[in-house]
Each structure stands twice: as structure tokens, then as C-alpha cells.
Amino acid sequence: MEPNQIAEILNRPLSQELLARDFTRLAYVAKDGTPRNIPIGFTWNGSEVVVCTSTNAPKLHALRNNPMVALTIDTEVHPPKMLLIRGRVELDTVEGIPAEYLQMNGSYEMTPEQRVHWEAEVHSLYESMVRIVVTPTWVKLIDFETNLPSPVEELIQQRAERARA
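Residues numbered from 1 in each chain as written. Predicted model: local features only at pLDDT ≥ 70, side-chain atom pairs only at ≥ 80, totals over all residues. Heavy atoms only, no water.

1. With respect to the pattern of salt bridges
Where charged atoms from two side chains of opposite charge approach closely, those side chains can pair. Taken as a whole and judged by the stated rule, the model has eight salt bridges. Between Asp 74 and Arg 25 there is a salt bridge, with its nearest N and O atoms 2.5 Å apart. Remark: Arg 25 occurs in strand S1 (residues 23-29) and Asp 74 occurs in strand S5 (residues 68-74); sequence separation between them is 49 residues. Given a relative accessible area of 18%, Asp 74 falls into the buried group. Each of Asp 92, Glu 100 and Arg 131 takes part in a single network of salt bridges with overlapping partners. (Salt bridge = Lys/Arg side-chain N within 4 Å of Asp/Glu carboxyl O. Helix = DSSP H or I, 4+ residues; strand = E, 2+ residues; numbered from the N terminus. Buried < 20%, exposed > 50% of the residue type's maximum accessible area, 1.4 Å probe, protein only.)

2. A few points about the sheet that holds strand S4 (residues 49-54)
Overall, antiparallel pairing links the seven strands, which are arranged S2-S1-S5-S6-S7-S4-S3 in an open sheet. Two strands close off the open sheet at either side, each with one partner strand: strand S2 (35-41) and strand S3 (43-44). Here S1 pairs with S5 via three bridges, running antiparallel. Paired with Arg 25 across the bridge in S5 is Thr 72. (Pairing = 2+ DSSP bridges.)

3. A short note on the environment of Pro 67
You can see Pro 67 is positioned in the loop between helix H3 (58-65) and S5. Judged by its relative accessible area of 16%, Pro 67 is buried. Between the C-alpha atoms of Pro 67 and Val 89, which are 22 residues apart in sequence, the distance is 5.2 Å. Those residues in contact with Pro 67 that lie beyond four places of it in its chain are Gly 87, Arg 88 and Val 89. (Contact = heavy atoms within 4.5 Å.)

4. As for the pairing of strand S6 (residues 82-95)
Of the strand pairs in this sheet, S5 and S6 are connected by seven bridges, and their pairing is antiparallel. When the bridges of S6 are listed, Leu 71 appears paired with Ile 85. Bridging between S6 and strand S7 (residues 128-142) involves 14 bridges; their strand directions are antiparallel. If you follow Arg 88 over to S7, its bridge partner there is Thr 135.

5. Let's talk about the packing of aromatic side chains
Applying the stated criterion across every chain yields a total of two aromatic pairs. Taken together, a centroid distance of 6.0 Å and an interplanar angle of 65° make the contact between Tyr 101 and Tyr 126 edge-to-face. On the criterion of sequence distance, the pair formed by Tyr 101 in helix H4 (residues 99-104) and Tyr 126 in the loop between helix H5 (112-125) and S7 is long-range, its members being 25 residues apart. Of the aromatic side chains, those joined through ring pairs into one cluster are Tyr 101, Trp 118 and Tyr 126. Over the ring of Trp 138 we find Arg 86, and its NZ or CZ is 3.8 Å from the ring centre. (Phe/Tyr/Trp six-rings, centres within 6.5 Å; stacked < 30°, edge-to-face > 60°. Lys NZ or Arg CZ within 6 Å of the ring centre and 35° of its normal.)

Take a look at the structure:
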């Protein structure tokens with residue numbers, strides 16, 4: 001997929017709405033060769049998806065061996081809205097707490113006092129973290145109104161062809 005096609009899809013209002021959500025599902029190949037798909041907090045910086053994790057997270061070994069990932073950001077309503085992203089990760093170890101980690105956890109409902117306590121806990125727990133930066137290489141936006149999954153589009157086309165025959 002060309003970068004301008006990726007940017008056009010990611011700049012659509014629905015994509016921007018989904019990119020403002022709290023969680024994505026990160027799919028990768030684990031070190032034992034089997035697939036993993038985990039919910040994880042994220043933030044969108046305008047060109048990349050940023051996920052932060054502990055320096056001892058098992059996914060880091062897997063991502064070093066195979067940096068290709070898939071992300072799904074979706075809604076829980078009908079019809080579902082989905083943003084599918086495939087990309088390559090870069091791992092960046094950061095001393096202390098990355099700003100993105102605090103930012104991605106900023107939409108939870110916390111009182112100011114709870115937020116102070118939470119941030120103190122985070123700072124006491126992590127000496128460093130790893131930023132997992134995903135650069136999109138392929139994207140698809142599905143809203144089941146104007147954009148459908150490719151196999152469904154194919155079935156609709158086949159049905160139309162049968163009706164014409």
C-alpha cells in the first residue's frame with residue numbers, strides 16, 4: 001500500500017475517532033511460533049501507533065525476532081467500526097516513563113487524587129519502559145455501511161453477477 005493511500009484512510013474522520021480510543025489489539029508471532037493477540041493501551045502521534053510496555057515483557061523477544069504486527073481498533077456497537085493496521089515495529093527503551101504511556105492512560109475516569117496516586121505508583125514501579133512504535137504499512141477502515149470486509153464485498157459482487165445471469 002502506498003503511503004498516500006495509508007494517510008488518506010488514517011485521516012478520515014472515522015479513523016481519527018478510532019485512533020482516539022484507549023485500546024487496540026496487538027497481534028504478533030510469539031517466540032514459540034504461535035500467534036498472540038493482546039489488548040493493550042496505545043496512543044496515535046499523527047503518523048505512528050505507540051504502545052509502551054515493561055522491559056521484561058515476553059512480547060519484546062518475539063518482536064525483536066519478527067517486527068511485523070497487526071492492530072485492530074474497533075467499537076462494541078452494531079454495526080461495528082474497525083480500523084485494521086499492519087505494520088513494522090521499532091523498539092525504543094526509555095529511561096523512566098515515556099510521555100506516551102502517561103498520555104494513553106489519560107482518558108480513564110480518575111479523580112485528580114486518583115491520578116496523582118496512579119502516577120506515583122507507575123513511577124515507583126518502572127525504572128524504564130519500552131516504546132513499541134508501529135509504522136503503518138497497510139490499513140483498512142470497515143464501517144459496514146460504506147466499507148465492508150473484502151470477502152463480503154466479493155460475495156456481494158458474486159450475488160449481483162448471479163442475479164444478472
